[in-house]
Amino acid sequence: QKEVEQNSGPLSVPEGAIASLNCTYSDRVSQSFFWYRQYSGKSPELIMSIYSNGDKEDGRFTAQLNKASQYVSLLIRDSQPSDSATYLCAVTSTYNFNKFYFGSGTKLNVKP
Amino acid sequence: DAGVTQSPTHLIKTRGQQVTLRCSPKSGHDTVSWYQQALGQGPQFIFQYYEEEERQRGNFPDRFSGHQFPNYSSELNVNALLLGDSALYLCASSSRGEGGYTFGSGTRLTVV
């Protein structure tokens, strides 16, 4: 069983819509959660981090964490074609802080 | 403030050869982690260096080795290259106690 699971997509949304990206993880002691955006051929770029249950908003991005369900999501409001990329979910645990487990990523296509 | 610097950006090697990849961490960061990202996959943890020692290691063979220097820069060495070693190699730096990696732009290794 993979530590971090994501739907590979592609997820297609029209410009201006809300894109919802989901991630589940298997290690119950996971403590820190991150979303990275990766454009084709480029390196991952940190978008959001979340550490406690609930929602965290940053501009058009909202991260949601539910530790009981071992689920973390990323919402992108008012999606733009420039948001088209692969979104990687990453998880660390208390015992292996600084060692990140990545999902395989969800490819998002925002259509003009 | 310089980010994470990796060199070279691209490399083509022949099976059986050896390769060395280099990384300079972001200013203020003391921990360097190396990841391998195959096409269409999420980054896979190779190992992490802190205080010039390998602190953690992922599920990679001994052909993969590394080093960290007193100035926190790091090298990744791969011996006896296989075709399956072709991937994007990412260096990520962080500061212990601070969440989130900063990734370098990566080295694209092609083994022919």
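Use the structure listed above.
Here the structure is a predicted model, which means the values were calculated and not measured.

Undergrad: I'd love a proper account of the nonpolar core, names of residues and values included.
TA: In this structure, W35, V72, L74, I76 and Y87 of chain A are the most contacted members of the largest nonpolar core, which totals 23 residues. At the level of elements, β3 (19-25), β4 (30-38), β5 (45-50), β7 (61-66), β8 (71-76), β9 (85-93) and β11 (106-111) of chain A are the ones that each hand at least two residues to this core. Discounting residues that sit within four places of it in the chain, L74 of chain A has contacts with A19, S20, L21, W35, M48, F61, T62, A63 and Y87 of chain A. Core analysis: the second largest hydrophobic core is formed by 19 residues, Y49, L81, L109 and V111 of chain B among them.

Undergrad: Help me get a handle on the packing of aromatic side chains, residues and values and all.
TA: Taken as a whole and judged by the stated rule, the model has 15 aromatic pairs over all chains. An angle of 85° between the planes, with centres 5.4 Å apart, marks the rings of Y36 of chain A and F103 of chain B as edge-to-face. Of this pair, Y36 of chain A sits in strand β4 while F103 of chain B sits in strand β10 (residues 102-103), on two different chains. A relative accessible area of 0% places Y36 of chain A in the buried class. Residue classification places F103 of chain B among the buried residues on the basis of a relative accessible area of 8%. Aromatic pair F100 of chain A and Y101 of chain B: ring centres 3.9 Å apart, planes at 15°, arrangement stacked. With F100 of chain A in the loop between β9 and β10 (101-102) and Y101 of chain B in the loop between β9 (87-94) and β10, the pair connects residues from two separate chains. Note on accessibility: F100 of chain A and Y101 of chain B belong to one class, buried.

Undergrad: Quick one: what's the story with the sheet that holds strand β7 (residues 64-68) of chain B, residue by residue and with numbers?
TA: All names here are of chain B. On the basis of which strands lie adjacent, the open sheet formed by 4 strands has the order β1-β3-β8-β7 and antiparallel pairing. Of all strands in the sheet, those with a lone pairing partner are β1 (5-7) and β7, marking the two edges. Between one strand axis and the next, the sheet turns through 15° on average, direction left out of account.

Undergrad: I'd like to hear about the environment of F64 of chain B, residue by residue, with values.
TA: Residues and elements named next belong to chain B. Among the structural elements, F64 can be located in strand β7. Residue classification places F64 among the buried residues on the basis of a relative accessible area of 2%. C-alpha of F64 to C-alpha of T9: the two residues are 55 residues apart in sequence and 19 Å apart in space. Apart from residues lying up to four places away in sequence, F64 is in contact with Q36, I46, F47, R57, L76, N77, V78, D85 and Y89.

Cut-offs and rules
- Residues numbered from 1 in each chain as written.
- Chains lettered and ligands numbered in written order.
- Predicted model: local features only at pLDDT ≥ 70, side-chain atom pairs only at ≥ 80, totals over all residues.
- Heavy atoms only, no water.
- Core = buried A, V, L, I, M, F, W, Y, C linked by side-chain atoms within 4.5 Å.
- Buried < 20%, exposed > 50% of the residue type's maximum accessible area, 1.4 Å probe, protein only.
- Helix = DSSP H or I, 4+ residues; strand = E, 2+ residues; numbered from the N terminus.
- Contact = heavy atoms within 4.5 Å.
- Phe/Tyr/Trp six-rings, centres within 6.5 Å; stacked < 30°, edge-to-face > 60°.
- Pairing = 2+ DSSP bridges.
- Axes fitted to C-alpha atoms, helices over the stretch in contact; angles between N-to-C directions.

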